[in-house]
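The chain contents come next:
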Amino acid sequence: MSRNRRGLALLASATAIVALAGCSSSSSASGSGSSAQAGGKATISFMSIMDSGTQKSTLVALTSAFEKANPGITVNLEYQTSYGNLLAKETAGVAAHNAPTLGQVQESWAATFANSDAILPLSQYAGSNSPAGLSAFYSGVQNDLKLPDGKLWMWPFNKSVQVMYYNETMLKAKNLPAPTTWAQFATDAKAVSTGGVTAITVDPGTTSSPAGGATMFEALTAAYGTPDFAANGTPQLNSPAAIQALTYMETLKNEGALAVGTDYPGETALGAQKGAFDLSSAAGYYYENQAVGSKFPLGTEVLPTGPSGTPTNILSGTNIAMFSGASPAQQSAGWKYMQFLASASSQAQWAEQTGYLPVTSQALPLMSSFIAKNPYLTTAVAALEYAVAQPPYTWVQQAQGEEVVAIQAVLDKGEDPTTALNAAQKAALADQQSAQ
């Protein structure tokens, strides 16, 4: 499993795809999305970042199985080394009328591609906006396939949520249960932060690549009742909930229960028994477990709840979109391939080998042996029912960079949370205005 695949690095310069307007993809005999149609056969391409480790080998194995079951279809797998490279390559392909047939997409990319007619709505090649198989996906996954127009534009592929990892032995030594609320988390964090232990260490990330500290802030704002962005993409970075969230983090730091670091510092501290908790993607379980080894039992729980008690979580990962240069034969073949990758059997194999979560509960009975050895998966998939991705608007990714600036100002420089978030909100609104 490639280290840089654990989460989705958010791209502040999403404006790179604004140039797509008026540059919708079209068929090209020499392009990567071109079709070799002799005797009714079709060749399609799928561009992804699954370029190494078990992610690559599993995708290759699944694709081989698909081709064996569909002898008239050939799938060319095209790889990029990062999400930034993937976006750049897909964007360049669209501009040059040489896009792949299918590609991994983040929600905001899909919105911009759709606005410029560079991808196709699902109904155009599936024949329906509610195709068979849709209802089998977890609710959070289903909701993530739509764009603001209410139509389905994507089909699911690799999905994850946030998980609270913790040192069971350390909590039991203090007679503490795993926290189920953020209030209890703060109490536990303060209690275990003695003798060289700092309960949690976070990395806010950078403006171009927000990291776990920014994700913790986003999770807290949602738990306190107001997510950092409204459903229509409007920034809400200085709401009372956001101020409460950043104040919560500031208080933990001032009490010696939170530290700031870089490069997955929470995982490192947890594994070294210098930390008690880490908040990270479910897809990172392999790395968390590797860091911990046999030193102590690694506990997993869904994220704590806020005052209302309503569970919240952040959906991450990508979907698949069909580029508009695909011929009718490619559209038919591509849709079959998309359905195959999201099927219960494929998702079971994908989840077991890569650490991502199965997008359908129908995969779980096929994973009973794996789940028995990896009980975290039951914890994580439960959150797929209610987890919510960031709204699919281009400026959201750039505005998340403004969050990072505010978090760093408070945790690194001691700035007042309200002052820092007011500045972040002003900058985020400017990002929104410039993108519209």
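Placed above this text is the structure.
Residues numbered from 1 in each chain as written. Predicted model: local features only at pLDDT ≥ 70, side-chain atom pairs only at ≥ 80, totals over all residues. Heavy atoms only, no water.

Comments concerning the sheet that holds strand S5 (residues 162–167)
Spatially, three strands are ordered S8-S5-S9 in an open sheet, and the strand pairing comes out antiparallel. A single partner strand is all that each edge strand has here, and the edge strands are strand S8 (277–281) and strand S9 (298–301). Pairs of neighbouring strands in the sheet enclose a mean axial angle of 30 degrees, with direction left out of account. Alignment of S5 against S9, held across four bridges, turns out to be antiparallel. The residue of S9 that forms the bridge with Tyr166 is Gly299. Those strands touched by helix H11 (residues 285–292) are S5, S8 and S9, and its axis lies near 150 degrees from that of S9. (Pairing = 2+ DSSP bridges. Helix = DSSP H or I, 4+ residues; strand = E, 2+ residues; numbered from the N terminus. Axes fitted to C-alpha atoms, helices over the stretch in contact; angles between N-to-C directions. Contact = heavy atoms within 4.5 Å.)

Here's the deal with unusual backbone geometry
One non-glycine residue, Asp263, adopts positive backbone phi at about 60 degrees. In this model, Tyr264 sits at a positive phi of 55 degrees, which is unusual for a non-glycine residue. By the element assignment, Tyr264 lies in the loop between strand S7 (258–260) and helix H10 (265–271).

What to know about the sheet that holds strand S2 (residues 73–79)
A sheet is described by the order of its strands in space; here five strands give the open sequence S2-S1-S3-S10-S4, paired in mixed fashion. The sheet terminates laterally at S2 and strand S4 (155–160), the two strands that pair on one side only. Each strand of the sheet is rotated relative to its neighbour by a mean of 20 degrees, with strand direction disregarded. Bridging between strand S1 (residues 42–48) and S2 involves seven bridges; their strand directions are parallel. Bridge pairing links Thr43 to Thr74 in S2. Contacting S1, S2 and S4, helix H1 (residues 53–69) crosses the sheet at an angle of about 165 degrees to S2.

Some words on the packing of aromatic side chains
All chains considered together, the criterion is met by 19 aromatic pairs. Centroid distance Phe66 to Tyr337: 5.1 Å. Interplanar angle 65 degrees. Geometry classified as edge-to-face. In this pair, Phe66 sits in helix H1 while Tyr337 sits in helix H12 (residues 328–341), placing the two residues 271 residues apart along the sequence. The exposure classification of Phe66 matches that of Tyr337, with both residues buried. Here a set of aromatic residues connected by ring pairs shows up, and it is made of Phe46, Phe66, Phe157, Tyr337, Phe340, Trp350 and Tyr356. Residue placement shows Lys56 over the ring face of Tyr79; its charged tip is 4.8 Å from the ring centre. (Phe/Tyr/Trp six-rings, centres within 6.5 Å; stacked < 30°, edge-to-face > 60°. Buried < 20%, exposed > 50% of the residue type's maximum accessible area, 1.4 Å probe, protein only. Lys NZ or Arg CZ within 6 Å of the ring centre and 35° of its normal.)

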